[in-house]
Amino acid sequence: MTTKARFITLEGSEGAGKTTALNTIKNQLEQWQVPFIVTREPGGEVTAELIRDILLHTEHLEAMTELLLMFAARNEHVKKVIRPSLDQGTWVVSDRFVDASFAYQGFGRKLDLALIKQLEQLTVGNTQPDLTLWLDVRPEIGLQRASSRSEKDRIEQENIDFFQRIREGYLNRQAQHPKRIKTIDANQSAQAVQEQIINQIQAHEYWVKP
Ligand code: Z5A
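What counts and what doesn't
Residues numbered from 1 in each chain as written. Predicted model: local features only at pLDDT ≥ 70, side-chain atom pairs only at ≥ 80, totals over all residues. Heavy atoms only, no water. Helix = DSSP H or I, 4+ residues; strand = E, 2+ residues; numbered from the N terminus. Rg over C-alpha atoms; globule rule 2.2 N^0.38 Å. Buried < 20%, exposed > 50% of the residue type's maximum accessible area, 1.4 Å probe, protein only. Contact = heavy atoms within 4.5 Å. Areas by Shrake-Rupley, 256 points an atom, 1.4 Å probe, with all protein chains shown as cover. Lys, Arg positive; Asp, Glu negative; His and termini not counted. Charge placed at Lys NZ, Arg CZ, Asp CG, Glu CD. Near = heavy atom within 4 Å. Polar contact = N/O pair within 3.5 Å; in protein donor to acceptor, adjacent residues only side chain to side chain.

Visitor: I keep staring at the overall build of the chain and nothing clicks. Help me out?
Guide: When its secondary structure is counted, the chain shows 8 helices and 5 strands. Its helices and strands taken in sequence order, the chain reads β-α-β-α-α-β-α-α-β-α-α-β-α from the N to the C terminus. For 210 residues, the compact-globule estimate of 2.2 N^0.38 gives 17 Å, and the chain sits close to it at 16 Å. Projected onto its principal axes, the C-alpha positions of the chain cover 45 × 35 × 30 Å. Buried positions account for 50% of the 210 residues belonging to the chain. Partitioning the contacts of the chain with sequence separation of at least 6, the portion at a separation of at least 24 is 78%. When the accessible area of the chain is evaluated, it comes to approximately 10100 Å², of which 49% is carbon and sulfur surface. Computing the positive centroid from 26 side-chain charges and the negative centroid from 28, the chain places the two 5 Å apart.

Put into structure tokens, the structure is as follows:
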């Protein structure tokens, strides 16, 4: 494999099936024999993981605090993990990235999109994903799947209107970045979702297949 290291992100709202999707991506990269790491947001780096704990388990956070903490964690993650990995030739697969801030904090919490854009420029710069797979699940299906989980974190406890807005946020991002963000119909069976993911990765125009 001689192509440069690529950055793949996975997005989707509650119960979209990102865990299974991550395994599918990992299998494909193993088959291609490319070096890669799997990481996540918020988190993916020591300090960012501490911030994740605050974000998910503090009883109440102001929406602006939530936004700033997401980007504080991302700044550590990008500068200490993502950028160095890509520079060394290691592919990066991240469970969520900056699109989640537009969807959750922008559309979900109704914070200013222009401000989020500014924070993105400050922290992410040109370390943008090459490919984003957005697992699009109808909120009622996703919430039903996720309801089987014993404990919900602070964000997961939001109502269906919030998750409808998240979906609108991702639709908006996809319309703005149609080449990068590919929609996966995640309402389907796990196997059908897996096939769509493999097809998208293999067909992706931004890299030469090994
Ligand atoms: N967040 C934010 O607000 N702003 C940001 O900038 C960032 C994040 C980066 C992170 O939580 C939270 O932070 C997240 C967004 C916010 N909050 N929410 N909601 P996380 O990382 O702990 O959790 P998550 O990202 O929401 O979800 P998850 O638990 O990792 O995965 P999932 O996609 O929701 O679901 P799953 O565990 O893969 O699957 C759920 C269940 O459905 C499971 O039992 C599966 O077996 C089943 N499943 C999966 N696919 C299928 C299909 N196709 N058919 C049937 N059943 C299925």
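Visitor: Help me out: how do you make sense of the site of the ligand in this one?
Guide: The local shell around the ligand holds 26 residues, among which Gly15, Lys18, Arg96, Ser101 and Gln105 are the closest. A distance of 3.0 Å separates an oxygen atom of the ligand from a polar side-chain atom of Arg74. A distance of 2.6 Å separates an oxygen atom of the ligand from a polar side-chain atom of Ser101. Starting from 1100 Å² of accessible surface for the ligand in isolation, the protein chains cover 80%.

Visitor: How do you make sense of the environment of Gln191 when you look at a structure like this?
Guide: Tracing the sequence through the fold places Gln191 in helix H8 (residues 190-203). A C-alpha to C-alpha distance of 9.7 Å links Gln191 and Thr20, two positions 171 residues apart in sequence.

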